[in-house]
Amino acid sequence: MDTFAIGGHCQIVLCMDYVLARFTGVRIARQAIQYGLELFCESAEGRLVCDEIVAANEMDPAIDRICEDVLCSGGVSLIANRRALRIGLEPLDIFRQYCSVYAREQAYCCFSTELISNLEQNWNARSRQTA
């Protein structure tokens, strides 16, 4: 799907093992989150985000293939390796600290007039149809 996500949704990408995106580094993530950097999958920067690029109609087979590949050694090895890699990159206490600050800050800004104004200006919220 060709669409936008606020901040490129880089916060979520930080905790994913394989995303049809991967972690780009703090600098490019900050540029997307705070300064509206647009990343296009075919660009050099976009290739830092995407592990793999597939056409929309190929998404389901790609997901099936990735799941089969990641589970080929069994769930126990997968979980053990994932934990070791995650803790090596980001100790659990640091991750918890980040998540707690992020959740608190999101709650503070959720209904701020600045955020609502920004969304209305950039996301055309008033003209969207509601279900």
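This text goes with the structure placed above it.
Conventions adopted
Residues numbered from 1 in each chain as written. Predicted model: local features only at pLDDT ≥ 70, side-chain atom pairs only at ≥ 80, totals over all residues. Heavy atoms only, no water. Helix = DSSP H or I, 4+ residues; strand = E, 2+ residues; numbered from the N terminus. Buried < 20%, exposed > 50% of the residue type's maximum accessible area, 1.4 Å probe, protein only. Salt bridge = Lys/Arg side-chain N within 4 Å of Asp/Glu carboxyl O. Polar contact = N/O pair within 3.5 Å; in protein donor to acceptor, adjacent residues only side chain to side chain. Arc of directions from axis to C-beta.

Participant: Residue-level account of the overall build of the chain, with values.
Facilitator: The number of helices and strands found in the chain is seven helices and zero strands. The order of α-helices and β-strands along the chain, N terminus first, is α-α-α-α-α-α-α. Within the span of the chain, comprising 131 residues, buried residues form 13% of the whole.

Participant: Which residues make up the pattern of salt bridges, and what values do they have?
Facilitator: Oppositely charged side chains can form a pair if their charged atoms are brought close together. Enumeration over the complete set of coordinates arrives at three salt bridges. Taking the shortest distance from any N to any O, the salt bridge between E52 and R65 comes out at 2.3 Å. Placement of E52 in the loop between α3 (44-49) and α4 (59-71) and of R65 in helix α4 is noted, with a sequence separation of 13 residues between them. Residue classification places E52 among the buried residues on the basis of a relative accessible area of 18%.

Participant: Please set out the side chain of S112 residue by residue, giving values where relevant.
Facilitator: With respect to the helices, strands and loops of the structure, S112 is situated in the loop between α6 (92-109) and α7 (113-123). A polar atom in the side chain of S112 sits 3.1 Å from the backbone nitrogen of L115.

Participant: Hey, could you go over helix α2 (residues 26-35) for me, with residue numbers and the actual values?
Facilitator: Along α2, the residues that are buried comprise I28, A29 and A32. Burial along α2 is one-sided: seen end-on, the buried residues are contained in an arc of 105 degrees. In this structure, α2 carries R27, Q34 and Y35 as exposed residues pointing more than 90 degrees from its buried face. Phi turns positive, to about 70 degrees, at G36, one or two residues after α2.

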